[in-house]
Amino acid sequence: MTTYKANLANQPLCFDIKQDEVILDAALRQSISLPYGCRNGTCGACKSKITSGEITYKNGLTPAVNEEEHNQGYALLCQARAESDLVIEARMVDSTAETTLRKLPCRVTSCEKLSNDVIRLLLDLPKTERLQFFAGQYIDILMRGDKRRSFSMANPPHQDQQIELHIRYYNGGLFSEYAFHNLQEKTLLRIEGPLGSFTLQESDRPIIMIVGGTGFAPIKSIIEHAIHHEDKREINLYWGVRKEADLYMNELAQSWANQYSNINYIPVLSEAGKECNWSGKTGFVHEAVLEDYEDISAFDVYTCGPPPMINAVVESLPSIGLNKNRIFSDSFEFATN
Ligand code: FES
């Protein structure tokens, strides 16, 4: 199959484009973060200038780029295919500050109980919309009376046609009570996002991830993103919960470790009763890390979950060399009504 080269004007970046793929897909596949919105030729967010080379559209021009713009060299990267090597003048979206904050409607397509107190929501965006985000970011669900609740996206950015959220039940929690007792498939919600700066950092240092409960959601997004981009960094995932049944995606985490030699998975139970035959780690999740390492100064540490867990990590891990500039955290504060 023919492959063309695309260079980004004024930037030392290039990527390959296969003959059968659109330019935007090729760029994203190779971790070149170009801007986009709908990915179906409607919004114009991906419009960029082709300063050299030939492109073609499988289904002709769409309303987001008119004949005049086309003749001036502007192209919709989510629709155009390469017919030769290209030079593209495009803005890069290489930090969370450069993503566009948007309010969007979405429809609940699945509401599945994963454990006693966690459900997974899958939300469909309108057909003409996609949400560009970085792995690890969150959205707000907008509720009546100007109230909002924040949830991390558990899907990786390359799977942006559906948003996946892990909702933990809190007694009296405004959204979680609704999600556990009243929310049904096909319900319409309004969201705002992407938000937050808890994302995978550029680095070649090995990683320790210390996660509590549904702090697993953004970590799932980050790990699936790393796998998709063949990031070979060593990842040591510690997931702390109370009981074995709370490891609500244990098989998925285990499958990463089985399939990828750079990923290790260490589940930790804080309330493993004698009756459960648990042979893995017990105690608090930060204690498991203290037990396993004498010196973590060479590691990047990502931690995500309830504030007491994050505090325990921040307070105890300096004793084994935690580099304070290399810790990235997302604290799941519980908002009261
Ligand atoms: S036109 Fe919307 S992303 Fe290309």
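The shown structure was predicted, so the numbers you read here are calculated from the model rather than taken from an experiment.

Q: What is the right way to read the nonpolar core from this model?
A: Soluble, globular proteins show a tendency: their nonpolar side chains are buried together. Formed by 62 residues in total, the largest nonpolar core has its most connected members in Met209, Ile210, Val211, Leu237, Tyr238, Trp239 and Val301. No other element matches helix H4 (residues 216-228), which puts six residues into this core. Of all hydrophobic cores here, the second largest spans 28 residues; its members include Tyr4, Ile23, Ile50 and Val65.

Q: Which parts of the structure should I look at to understand the environment of glutamate 192?
A: With respect to the helices and strands, glutamate 192 occurs in strand E13 (residues 188-195). Among the residues examined, glutamate 192 registers 15 C-beta atoms within 10 Å and is labelled partly exposed. The spatial distance from the C-alpha of glutamate 192 to the C-alpha of phenylalanine 284 is 34 Å, given a sequence separation of 92 residues. Once residues within four sequence positions are removed from consideration, glutamate 192 is found in contact with Leu101, Lys103, Ile139, Asp140 and Leu142.

Q: Can you walk me through the sheet that holds strand E5 (residues 74-76) in this structure?
A: Strand pairs in the sheet, formed through backbone hydrogen bonds, run parallel or antiparallel to each other. As summarised here, the arrangement of the five strands in space is E2-E1-E7-E3-E5, forming an open sheet in which the pairing is mixed. The open sheet terminates on both sides in strands that have one partner only, identified here as strand E2 (14-18) and E5. Between one strand axis and the next, the sheet turns by 40° as a mean value, whatever way the strands run. Where strand E1 (residues 3-8) lies against E2, five bridges are found, and the strand directions are antiparallel. Residue pairing across strands places tyrosine 4 opposite isoleucine 17, the latter belonging to E2.

Q: For this particular structure, what's the right way to read the domain arrangement of the protein chain?
A: The extent of an interface is frequently quoted as the accessible surface area lost upon association of the parts. Parsing the protein chain into structural domains produces domain 1 (3-94), domain 2 (97-195) and domain 3 (207-331). Just the C-alpha atoms count here: the centres of domain 2 and domain 3 sit 24 Å apart. On the domain 3 side, the residues contacting the 16 residues of domain 2 number 15 residues. Of all the elements, strand E12 (residues 162-168) adds the most residues to the side of domain 2 that touches domain 3, at three residues.

Here is what the cut-offs are and how they apply
Residues numbered from 1 in each chain as written. Predicted model: local features only at pLDDT ≥ 70, side-chain atom pairs only at ≥ 80, totals over all residues. Core = buried A, V, L, I, M, F, W, Y, C linked by C-beta atoms within 7 Å. Buried ≥ 20, exposed ≤ 12 C-beta atoms within 10 Å, placed from the backbone. Helix = DSSP H or I, 4+ residues; strand = E, 2+ residues; numbered from the N terminus. Contact = placed C-beta atoms within 7 Å. Pairing = 2+ DSSP bridges. Axes fitted to C-alpha atoms, helices over the stretch in contact; angles between N-to-C directions. Domains from an automatic or database assignment.

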